[in-house]
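Here is what each chain is made of, one letter per residue.
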Amino acid sequence: MSEEHYQIGAVAENVGLSLRTIRYYEEIGLVTPTGRTEGGFRLYTDPDIDRLRLLKCLKPVGMSLETMGELLGYTDELVRGGPRSSDAERQLETALARAFDRCDELEEGLEAARDALRNLSRLAGKSTR
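Here's what I pulled together on the structure shown here. (Residues numbered from 1 in each chain as written. Predicted model: local features only at pLDDT ≥ 70, side-chain atom pairs only at ≥ 80, totals over all residues. Heavy atoms only, no water.)

What follows deals with the side chain of R42. Considering the arrangement of structural elements, one finds R42 in strand β3 (residues 42-44). Polar contacts involving the side chain of R42 include one to the side chain of E26, which spans 2.4 Å. When residues no more than four places from it in sequence are discounted, the contact partners of R42 are Y6, Q7, I8, R23, E26, P33, G35 and R36. (Helix = DSSP H or I, 4+ residues; strand = E, 2+ residues; numbered from the N terminus. Polar contact = N/O pair within 3.5 Å; in protein donor to acceptor, adjacent residues only side chain to side chain. Contact = heavy atoms within 4.5 Å.)

What follows is the structure, encoded as structure tokens:
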């Protein structure tokens, strides 16, 4: 059974990341193309794309690139199977808790921004959404 391969342009469009970002993630070791064409073009598989999607999701919740790399290491360890490292599970749980905390902070900020807009709109005599 052969795996489907995608070139970087198709991957970038599919995931919603720039070519530059994907290349940078490769440069710092967060993602590695599964292969290359004879001409040297990067080739990615569905698991590579899933990894890029995860990176894209972690960024807005305030994860540093270093932390993202550590988390990917832990998820790789868990995906490979075998004995589960309690350290990996603990680190993933900690990261998940931090991500939820960050989401709460973002939601609070968004609600404060909406309140400010409603107040400004009311002062301006305009209707709000």
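A word on the pattern of salt bridges. In the structure shown here, the tally under the stated rule is six salt bridges. The salt bridge involving R53 is made with D50; its shortest N-O contact spans 3.5 Å. With R53 and D50 both in helix α3 (residues 46-58) and three residues apart, this pair spans about one turn of that helix. On the basis of relative accessibility, which here comes to 35%, the residue R53 falls in the partly exposed class. (Salt bridge = Lys/Arg side-chain N within 4 Å of Asp/Glu carboxyl O. Buried < 20%, exposed > 50% of the residue type's maximum accessible area, 1.4 Å probe, protein only.)

Below, the discussion takes up the nonpolar core. One finds V11, I22, Y25, L52, L55 and M63 to be the most contacted residues of the largest nonpolar core, which totals 24 residues. Elements supplying a minimum of two residues to this core: α1 (8-15), α2 (19-27), α3, α4 (65-80) and α5 (86-123). Per-element tally for this core: the top contributor is α4, with five residues. Discounting chain neighbours no more than four positions away, the residues touching L55 are Y25, L30, M68 and L72. (Core = buried A, V, L, I, M, F, W, Y, C linked by side-chain atoms within 4.5 Å.)

Bringing α2 into the picture now. Listed as buried for α2 are I22, Y25 and E26. One side of α2 carries all its buried residues, which in axial view fall inside an arc of 105 degrees. Residues R20 and E27 are exposed on α2 and point more than 90 degrees away from its buried face. Here the buried face of α2 lies against α1, β2 (35-36), β3, α3 and α4. Where α2 terminates, the next one or two residues include G29, which has phi positive at roughly 90 degrees. (Arc of directions from axis to C-beta.)

Turning next to a nonpolar patch on the surface. Together, L117, L120 and L123 make up an exposed nonpolar region whose accessible area comes to about 370 Å². Among the secondary structure elements, L120 is positioned in helix α5. (Patch = residues over 30% accessible without salt bridge, like charges linked within 9 Å, V, L, I, M, F, W, Y side chains within 5 Å. Areas by Shrake-Rupley, 256 points an atom, 1.4 Å probe, with all protein chains shown as cover.)

Looking now at the packing of α4 against α5. In contact at an axis separation of 9 Å, α4 and α5 are set at 130 degrees when each is read in the N-to-C sense. Regarding the angle of α4 to α5, the classification is oblique. Viewed along their axes, α4 and α5 form a crossing whose handedness is left-handed. On the side of α4, the interface is formed by T67, L71, Y74, T75, E77 and L78, while α5 contributes D87, A88, E89, Q91, L92, A95 and R98. When grouped by side-chain class, the residues that make up the contact of α4 with α5 number six nonpolar, three polar and four charged. (Axes fitted to C-alpha atoms, helices over the stretch in contact; angles between N-to-C directions. Parallel < 35°, antiparallel > 145°, perpendicular 65-115°, else oblique. Left-handed = near helix turned anticlockwise from the far one by under 90°. Nonpolar A, V, L, I, M, F, W, Y, C, P; charged D, E, K, R; others polar.)

All we've got here are geometric facts, nothing functional implied.
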